[in-house]
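These are the residues of each chain, in order.
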Amino acid sequence: MNQRINQLRNEMRSELENNILPFWMNKMEDNEQGGFYGEITGDDELRPEASKGAILNARILWTFSAAYRLLKKPEYLKTATRAKRYLIDRFYDPEYGGIYWELDYKGNPLDTKKQIYAIGFAIYGLSEYARATGDAEALEYAQRLFEVIEQHSFDPVQNGYLEALTRDWQPIEDMRLSDKDENEKKTMNTHLHILEPYTNLYRVWKDERLERQLRNLIDVFITRILDPQTGHLNLFFEEDWTNKYRIYSYGHDIEASWLIHEAALVLGDETVLKRIEPLIVRIAQAADEGLNPDGSMIYENFLDKQKIDRELHWWVQAENVVGHINLYQHFGDESALDIAVRCWEFIKAKLIDHEQGEWHWSILPDGTVNRKDDKAGFWKCPYHNGRMCMEVIERFGE
């Protein structure tokens, strides 16, 4: 095996087993109220009364299920099972179906809106738990959540999926995922995080309708979301797919490049692969416009405002590594391996917190560590960096 790949694989396994996963097992389990704490600040202060987000719980479920599937350590299964129980017992809405967006620290519903992005992540976590363990309950809940997305969010007229609805599936005024987002009915980000769980669910449930909708999602990406002129993915759309803003999100481009490819590989259809593989390379090349010489990748370019956000976010760097590893593995691109290795060196030097564990949120444009954003919280989860490690371990197995 390529010596660089071997070293990368060994270092990532060490990072996963000795830093990322222990942080979440040792510091984030809430033994008072159940489940996991809602927040550890950028200064490493635990906030036991912080609210608990669906995204965080679902991503912990995915990460520890995948870690158990790969490495078979019983403590990973224990944490995954804890996350599964809390998701089903507390986040699942027994009356209307779907997943609550947010609970208070005691586990009571705080924000009951149905954000389709969060339901997608619940499917991702539950399907991975089923994949790792064969658990029937996890699969059944994943199937139920697939049904509610298809019933309430899928747009049979204009295609694609609507962002958000009220608890009982009525139209909702504010559809935004976070205050950084625009209030539009369809977004690239939500479609990406429906594609990803549908791909994973299809691994364990070869359902015809699921297959059809997975094929359709790949098609939506290349015919509606991908900008054929620039190779970038557009981000925010009206219901009829009118693109509303000119923004390049480099991290989402590189993440989508490998997730769309993964969806096609899991489908196993040569015709689909032939159609999308040139586009995968194109999207990754567009993402590379955001690369720095040290291999790190900047956040976003707001073309209409003529403003570039040069912050170096933890998740963008993790996806940067995986996207380029994918180009090396499937397309034989040696220069992509160079970028992945350089970015990993940047991560080790700047982003990993070698003292307190986990990774910092970001490195600011002036080169300092961002401590105002969480170390663990509503959006800061073990999934991007944990998955990066596991992708490298799994793609280049023993």
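Structure: above.
So, here is what we can say about the structure in this document.

Cut-offs and rules
Residues numbered from 1 in each chain as written. Predicted model: local features only at pLDDT ≥ 70, side-chain atom pairs only at ≥ 80, totals over all residues. Heavy atoms only, no water. Phe/Tyr/Trp six-rings, centres within 6.5 Å; stacked < 30°, edge-to-face > 60°. Helix = DSSP H or I, 4+ residues; strand = E, 2+ residues; numbered from the N terminus. Buried < 20%, exposed > 50% of the residue type's maximum accessible area, 1.4 Å probe, protein only. Lys NZ or Arg CZ within 6 Å of the ring centre and 35° of its normal. Disulfide = S-S within 2.5 Å. Salt bridge = Lys/Arg side-chain N within 4 Å of Asp/Glu carboxyl O. Pairing = 2+ DSSP bridges. Axes fitted to C-alpha atoms, helices over the stretch in contact; angles between N-to-C directions. Contact = heavy atoms within 4.5 Å.

**Brief notes about the packing of aromatic side chains**
The description of two aromatic rings rests on the distance between their centres and on the angle between their planes. Counting across every chain of the model gives 23 aromatic pairs. Judged by centre distance (6.1 Å) and plane angle (80°), the rings of Phe 121 and Tyr 124 are edge-to-face. A residue pair is termed a helical-turn pair when its members lie 3 or 4 positions apart in one helix, as Phe 121 and Tyr 124 do in helix H4 (residues 116–133) at three residues. With relative accessibility at 0%, the residue Phe 121 sits in the buried group. A network of ring pairs unites the aromatic residues Trp 62, Trp 101, Tyr 117, Phe 121, Tyr 124, Phe 378, Trp 379 and Tyr 383 as a single cluster. Across from the ring centre of Phe 302, 5.2 Å away, lies the NZ or CZ of Lys 305, which sits over that ring. It is Lys 307 that lies over the ring of Phe 302; its NZ or CZ is 4.7 Å from the centre.

**Here's the deal with the state of the cysteines**
Applying the stated criterion to the full structure yields zero disulfides. Between Cys 389, a free cysteine, and Cys 343, which holds the nearest cysteine sulfur, the sulfur-to-sulfur gap is 12 Å. For Cys 389, a relative accessible area of 0% puts it in the buried group.

**Re the pattern of salt bridges**
Considering all chains together, one arrives at 39 salt bridges under this definition. Arg 144 serves as the salt-bridge partner of Glu 140, at 2.7 Å between the closest nitrogen and oxygen. Of this pair, Glu 140 and Arg 144 both sit in helix H5 (residues 136–153), four residues apart, roughly one helical turn. Take Glu 140: its relative accessible area is 36%, and that puts it in the partly exposed class.

**Examining the sheet that holds strand S10 (residues 307–309)**
Strand order in the open sheet formed by three strands is S8-S9-S10, and the pairing between neighbours is antiparallel. Of all strands in the sheet, those with a lone pairing partner are strand S8 (247–249) and S10, marking the two edges. Here the strands of the sheet are splayed against their neighbours by 5° on average, with no regard to which way each runs. Here strand S9 (residues 300–302) runs beside S10; their pairing, made up of three bridges, is antiparallel. Residue pairing in the sheet places Asn 301 in a bridge with Ile 308 of S10. Together, S8 and S9 form the strand contacts of helix H8 (residues 250–267), whose direction differs from that of S8 by roughly 55°.

**Remarks on the sheet that holds strand S3 (residues 109–111)**
On the basis of which strands lie adjacent, the open sheet formed by three strands has the order S1-S2-S3 and antiparallel pairing. One side of each edge strand has no neighbouring strand; the edge strands of this open sheet are strand S1 (52–53) and S3. In the sheet, strand S2 (residues 102–103) pairs with S3 via two bridges, with the strands oriented antiparallel. Paired with Leu 103 across the bridge in S3 is Pro 109.

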